[in-house]
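Listed below, chain by chain, are the residues.
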Amino acid sequence: MDLTNRVAIVTGAGRGIGRGIAIVMARNGASVAVADVNQDDARGVAAEISDMGRESLQVRVDVTAQGEVEAMTASVLDRFGRIDALVNNAGIISAPGWEERERHSEEDWDMLYAVNVKGVARATESVLPHMRERRYGKIVNIASIAGRIGSTTSGPYSVSKAGVINYTQSTALEQAAFSINVNAVCPGLLWTPLWRRIAVRHGAIRGEDKGLSAREVFDKYIQERIPMGREQTPEDIGNAVAFLASDAARNITGQALNVSGGSHLN
Ligand SMILES: NC(=O)c1ccc[n+]([C@@H]2O[C@H](COP(=O)([O-])OP(=O)(O)OC[C@H]3O[C@@H](n4cnc5c(N)ncnc54)[C@H](O)[C@@H]3O)[C@@H](O)[C@H]2O)c1
């Protein structure tokens with residue numbers, strides 16, 4: 001997974017999976033733009049990467065805001081002169097307050113579409129002119145195993161992630177002639193602030209999980225749904241992303257790779 005002298009943008013890199021991806025890519029040689037709506041978190045991760053002896057840039061971006069996404073791309077080009085890889089990781093499970101709601105609200109649907117689907121497309125569109133000109137680029141979208149099959153508890157989120165997988169396929173076909181690889185990674189179950197919200201909701205609302213602590217809900221899910229019986233880590237996802245962003249994956253495009261301990265086989 002050689003990423004020496006490669007320049008990568010990772011959105012949502014201030015914590016959780018995005019932080020793991022940024023660190024693994026830097027470890028493999030990349031310079032990384034740590035882009036997040038939370039500036040303090042992004043600053044911390046950018047400092048970690050600098051401490052590793054790699055170049056980093058902290059960028060504030062809300063992927064739902066066209067102007068901020070364009071500014072992100074411009075600042076990375078200004079600093080590094082090129083963008084080799086874009087990792088669209090920023091994502092949400094739902095709108096604020098979803099943990100206490102039995103049914104999804106209209107705001108849940110709107111925010112999921114704005115961040116998880118349009119956010120991915122917006123950031124991709126902002127780097128494509130540059131990548132097409134160079135006839136080189138790697139785009140990796142973070143989807144989810146939730147995008148593989150319907151869900152009784154987080155339907156709108158599943159819809160958004162199915163959208164990411166489909167967008168990955170369409171963009172891969174569109175950009176293939178420009179030697180731009182577009183792939184997705186579908187993480188399984190990771191104990192991040194995002195999954196904590198799912199677990200809190202289940203503990204509060206779902207009959208069979210009622211009364212369990214958030215971590216107990218998560219551990220139950222691992223045992224019930226992951227054949228390998230263990231949770232995934234941000235580093236696991238980072239390793240898959242680093243591979244897809246490297247030239248070792250030059251003939252892989254339009255694919256969605258499950259990193260989920262065998263939970264889904266499609
Ligand atoms: N945790 C899991 O088990 C899991 C499983 C499958 C897929 N995923 C996906 O992985 C990605 C990361 O998830 P996570 O668990 O690390 O979540 P997280 O909530 O821990 O981190 C998400 C990061 O994205 C940033 N972010 C949110 N909205 C943003 C916006 N509009 N613009 C810019 N940055 C924004 C947040 O500030 C945060 O730093 C998401 O796309 C998520 O859907 C997570």
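Everything below is about the structure shown above.
Sequence order as written defines the numbering, with residues in each chain counted from 1. The model is predicted, so local features are restricted to residues of pLDDT at least 70 and side-chain atom pairs to those at 80 or more, both for listing and for counting; the totals for chains, interfaces and linings are taken over all residues. Hydrogens and waters are ignored; side-chain quantities use all the structure's heavy atoms.

A. Spatial organisation of the site of the ligand. We call a residue near a molecule or strand when any one of its heavy atoms sits within 4 Å of it. Around the ligand, 26 residues are found, and the nearest of them are Arg15, Asp36, Asn89, Tyr157 and Thr192. Backbone polar atom of Asn89 to an oxygen atom of the ligand: 2.8 Å apart, as the coordinates give it. Within the complex, 94% of the 830 Å² of free accessible area of the ligand lies under protein. Per the convention used, a helix needs a DSSP run of H or I reaching at least four residues, while a strand needs a run of E reaching at least two, with both numbered from the N terminus. Within the residue set of the shell around the ligand, elements represented by two or more residues are α1 (16–27), α5 (155–175) and α6 (193–205). Ranked by the residues each element gives to the shell around the ligand, the list is headed by α6, at three residues. Here the residues of the shell around the ligand are counted per class, giving 15 nonpolar, seven polar and four charged. Polar contact is the term for a pair of N or O atoms within 3.5 Å; when the atoms are in protein, one must be able to donate a hydrogen and the other to accept it, and sequence-neighboring residues count only if both atoms are side-chain atoms. Here the accessible surface of atoms and residues is derived via Shrake-Rupley with a 1.4 Å probe, and residues count as covered only by protein chains that are part of the display. Here the nonpolar group is Ala, Val, Leu, Ile, Met, Phe, Trp, Tyr, Cys and Pro; Asp, Glu, Lys and Arg are the charged ones; every other residue, Gly included, is treated as polar.

B. Region of interest: helix α3 (residues 66–80). For a helix, the expected span equals 1.5 Å multiplied by the residue count minus one. Counted at 1.5 Å a residue, the expected span for α3 with its 15 residues is 21 Å, and the 21 Å between its end C-alpha atoms agrees. Among all positions in α3, only Val69, Met72, Thr73, Val76 and Phe80 are buried. Down the axis of α3, the sector holding all buried residues measures 90 degrees, keeping them to one side. We call two residues contacting when some pair of their heavy atoms lies within 4.5 Å. If you follow the buried residues of α3, they end up packed against β1 (7–11), β2 (31–36), β3 (56–60) and α4 (106–134). Two residues or fewer past α3, Gly81 is found with a positive phi of approximately 85 degrees. Whether a residue is buried, partly exposed or exposed follows from its accessible area with a 1.4 Å probe, protein chains only, as a fraction of its type maximum: under 20%, in between, or over 50%, in that order. Each direction from the helix axis to a C-beta atom contributes to the arc, which is the arc of those directions.

C. Fine view of the nonpolar core. In terms of nonpolar packing, the biggest core is built from 50 residues, with Ile9, Met72, Val76, Ile139, Leu189 and Trp195 touching the most fellow members. Ile139 has contacts with Leu86, Asn88, Thr124, Val127, Leu128, Met131, Ile180, Asn181, Val182 and Asn183, leaving out every residue within four places of it along the chain. Core analysis: the next-biggest nonpolar cluster, separate from the first, contains 32 residues, Leu3, Ala46, Ile142 and Val241 among them. Grouping buried Ala, Val, Leu, Ile, Met, Phe, Trp, Tyr and Cys residues that are joined through side-chain atoms within 4.5 Å yields what is termed a nonpolar core.

D. A look at the pattern of salt bridges. Put simply, a salt bridge is a Lys or Arg side-chain nitrogen that is within 4 Å of an Asp or Glu carboxyl oxygen. As enumerated under the stated definition, the model contains 16 salt bridges in all. The residue Arg134 makes a salt bridge to Asp84 at a minimum N-O spacing of 3.0 Å. Residue Arg134 is found in helix α4, and its partner Asp84 is found in the loop between α3 and β4 (85–88); the two are separated by 50 residues along the sequence. By relative accessible area, Asp84 is classed as buried at 1%. Close ionic contact of Lys220 with Glu224 constitutes a salt bridge, the shortest N to O distance being 3.8 Å. Here the residue Lys220 and the residue Glu224 both occupy positions in helix α7 (residues 214–225), the gap between them amounting to four residues, near one helical turn. Using a relative accessible area of 23% as the deciding quantity, one classes Lys220 as partly exposed.

E. Region of interest: the pairing of β1. In terms of residue burial, β1 counts as a mostly covered element, since five of its five residues are buried. Side chains Val7, Ile9 and Thr11 project from β1 onto one buried face, and the interleaved Ala8 and Val10 project onto a second face that is buried too. Judged from the five bridges that link them, β1 and β2 form a sheet pairing that is parallel. Opposite Thr11, over in β2, you have Ala35 as the bridge partner. Between the parallel pair β1 and β2, the chain is carried across by α1, and the sense of this crossover is right-handed. As judged from the three bridges shared by β1 and β4, these two strands associate in the parallel manner. Bridging across to β4, Ile9 finds its partner in Leu86. At least two bridges found by DSSP between two strands is the condition for calling them paired. Here a crossover is taken to be right-handed if, once the strands point away from the viewer, the path from the first strand over the helix to the second is traced clockwise.

F. Geometry of the layout of surface pockets. Both cavities and pockets are sets of points on a 1 Å grid over the protein atoms alone; in a cavity a 1.4 Å probe fits but cannot get out, in a pocket the set is open with protein on both sides within 12 Å along at least five of seven lines, and lining residues sit with an atom within 4 Å of a point. Grid points are joined across faces, edges and corners, and a volume is the space filled by probe spheres set on the points. For the second largest pocket, the calculated volume is near 220 Å³. Glu102, Arg103, His104, Thr152 and Thr153 are the residues nearest the centre of the second largest pocket, which is lined by 13 residues in total. Of all the secondary structure elements, the ones that give two or more residues to the lining of the second largest pocket are α5 and α6. Among the elements that take part in the lining of the second largest pocket, α6 stands out by supplying three residues, more than any other. When its residues are assigned to classes, the lining of the second largest pocket shows three nonpolar, six polar and four charged.

G. Molecular detail of the sheet that holds β1. One open sheet accounts for seven strands, arranged β3-β2-β1-β4-β5-β6-β7; its pairing is parallel. Of all strands in the sheet, those bounded by a partner on one side alone are β3 and β7 (256–259). Across this sheet, the average inter-strand angle for adjacent strands is 20 degrees, counted without regard to direction. Where strand β5 (residues 137–142) and strand β6 (residues 180–187) come together, six bridges link them in parallel fashion. For Asn141, the partnering residue across the bridge sits in β6 and is Ala184. With axes taken as lines fitted to C-alpha atoms, and helix axes fitted only over the stretch in contact, angles between N-to-C directions fall between 0 and 180 degrees.

H. Seen up close, the packing of aromatic side chains. Stacked, edge-to-face and tilted labels apply to pairs of Phe, Tyr and Trp rings (six-membered ring for Trp) whose centres lie within 6.5 Å, assigned for plane angles under 30 degrees, over 60, and everything in between, in that order. The tally for this structure, following the rule as stated, stands at three aromatic pairs. Ring centres 5.1 Å apart and planes at 45 degrees place the aromatic pair Trp191 and Phe218 in the tilted group. Of this pair, Trp191 sits in the loop between β6 and α6 while Phe218 is found in helix α7, placing the two residues 27 residues apart along the sequence. Assessed through its relative accessible area of 26%, Trp191 is described here as partly exposed. Here Trp195 and Tyr221 contribute two aromatic rings whose centre-to-centre distance is 5.2 Å and whose plane-to-plane angle is 70 degrees, an arrangement assigned as edge-to-face. Linking Trp195 in helix α6 with Tyr221 in helix α7, this pair joins segments that are 26 residues apart in sequence. The class for Tyr221 is buried, based on a relative accessible area of 7%.

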